[in-house]
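# A structural walkthrough
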Amino acid sequence: MSDKSRLKLSNEALSYYNRGEEEQRLSKDEGKLELARTQELLSRFLPPPPAVIFDVGGGSGVYAFWLAQQRYEVHLIDAVPLHIQQAQNYSQLQPNYPLASMEVGDARQLERPDKSVDVVLLFGPLYHLTERSDRLTALREAARILKTGGLLFAIGISRFASTFSGLFQGNFDDPEFVEIVRRDLAEGQHRNPNNHPAYFTTTFFHHPEELKTEVEEAGLYCEKMLAVEGAGWLLQNFEENWNDPSRRERMLEAIRWIEAEPSLLGMSAHIMAIGKQLIINN
């Protein structure tokens, strides 16, 4: 891998994702809720196909292939070469719904003309770009390629995610985890210095208002701030509830009721900002 490639993601994050586990993350445990809710929100707000979608930081293409099946023109970009390789392998299994392109790339420098895309997804870059200047660069790149009226769907990890998960999983018995959470809360900078397998990797955790401010500072109008999982990811008996269709629907309905409540946004592991390009460039 070239030095240029390594600049796209921290070495710690690259090592974390090169374990190859991200491909299956959304198909097990609380990832099922994250997947279902993200798909629900996209389905609610996306323009109809065949809109052009840039899935930036889209991993191995879980959302990209789902959108391609709906006849969207989807371009997948990710900073991890393994993820693009996994996407290429998967594309052979659905030849009738191909992605328009798949390539290793950097959210801060998109190879696309101005005002040429209907939708940009940033499901990952904003928390793996730990410097604010880099996040703003990525957001401005998204704004640059969006057509007037185009939409940005950007996800951040909540500043409070480790605090909540640690309380419910008993991680506060570990002094190392306590120090991780203290820094999360003080700075938003999540670090896992000893690479504990359960403590994630080098990341930035957003306060909800901070995510909204960054989207707006990039020149987009922030139309919505929505909880993805809400409090559902914290259920102790998550699998039992999820595997019962009636309980699952009641859980999803409850999350919908309070998805936009500002005082509860930080309880969700992931927060979605929906921005709109209103600027008409001459």
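A brief report on the enclosed structure follows. Note that this is a predicted model, so its numbers are computed, not measured.

Okay, the overall build of the chain next. The helix and strand inventory of the chain stands at 13 helices and nine strands. Compactness check: the chain gives a C-alpha radius of gyration of 18 Å against a globular reference of 19 Å for 282 residues, within 12% of the reference. The C-alpha extent of the chain, read off along each of the three principal axes, is 55 × 45 × 40 Å. When contacts within the chain are restricted to residue pairs at least 6 apart in sequence, long-range pairs at least 24 apart make up 72% of them. Summed over all atoms, the accessible surface of the chain reaches about 13,100 Å², with 50% contributed by carbon and sulfur. Seen as two clouds, the 29 positive and the 40 negative side-chain charges of the chain have centres 4 Å apart.

A side chain of one charge can pair with a side chain of the opposite charge when the charged atoms of the two come close. Taken as a whole, this structure holds 24 salt bridges when the rule is applied. Note that Glu217 is salt-bridged to Arg132, the shortest N-O span being 2.7 Å. You can see Glu217 sitting in helix H11 (residues 208-217) and its partner Arg132 sitting in helix H8 (residues 132-145), a full 85 residues away along the chain. Residues joined in a network through salt bridges with shared partners are Arg37, Glu40, Arg44, Glu249, Glu253, Arg256 and Glu259.

Our next topic: the packing of aromatic side chains. Summed over all chains, the structure comprises seven aromatic pairs. Relative to Phe200, the ring of Tyr16 lies with its centre 5.3 Å away and its plane at 90°, an arrangement referred to as edge-to-face. With Tyr16 in helix H2 (residues 11-17) and Phe200 in the loop between strand E6 (189-190) and strand E7 (203-206), this residue pair connects regions lying 184 residues apart in the sequence. On the basis of relative accessibility, which here comes to 22%, the residue Phe200 falls in the partly exposed class.

The next thing to look at is the pairing of strand E3 (residues 101-104). Bridge count between strand E2 (residues 73-78) and E3: four bridges; the pairing is parallel. When the bridges of E3 are listed, Ile77 appears paired with Glu103. Since E2 and E3 lie parallel, the crossover through helix H6 (residues 81-91) that links them has a hand, and here it is right-handed.

Criteria and thresholds
- Residues numbered from 1 in each chain as written.
- Predicted model: local features only at pLDDT ≥ 70, side-chain atom pairs only at ≥ 80, totals over all residues.
- Heavy atoms only, no water.
- Helix = DSSP H or I, 4+ residues; strand = E, 2+ residues; numbered from the N terminus.
- Rg over C-alpha atoms; globule rule 2.2 N^0.38 Å.
- Contact = heavy atoms within 4.5 Å.
- Areas by Shrake-Rupley, 256 points an atom, 1.4 Å probe, with all protein chains shown as cover.
- Lys, Arg positive; Asp, Glu negative; His and termini not counted.
- Charge placed at Lys NZ, Arg CZ, Asp CG, Glu CD.
- Salt bridge = Lys/Arg side-chain N within 4 Å of Asp/Glu carboxyl O.
- Phe/Tyr/Trp six-rings, centres within 6.5 Å; stacked < 30°, edge-to-face > 60°.
- Buried < 20%, exposed > 50% of the residue type's maximum accessible area, 1.4 Å probe, protein only.
- Pairing = 2+ DSSP bridges.
- Right-handed = clockwise from strand over helix to strand, strands pointing away.

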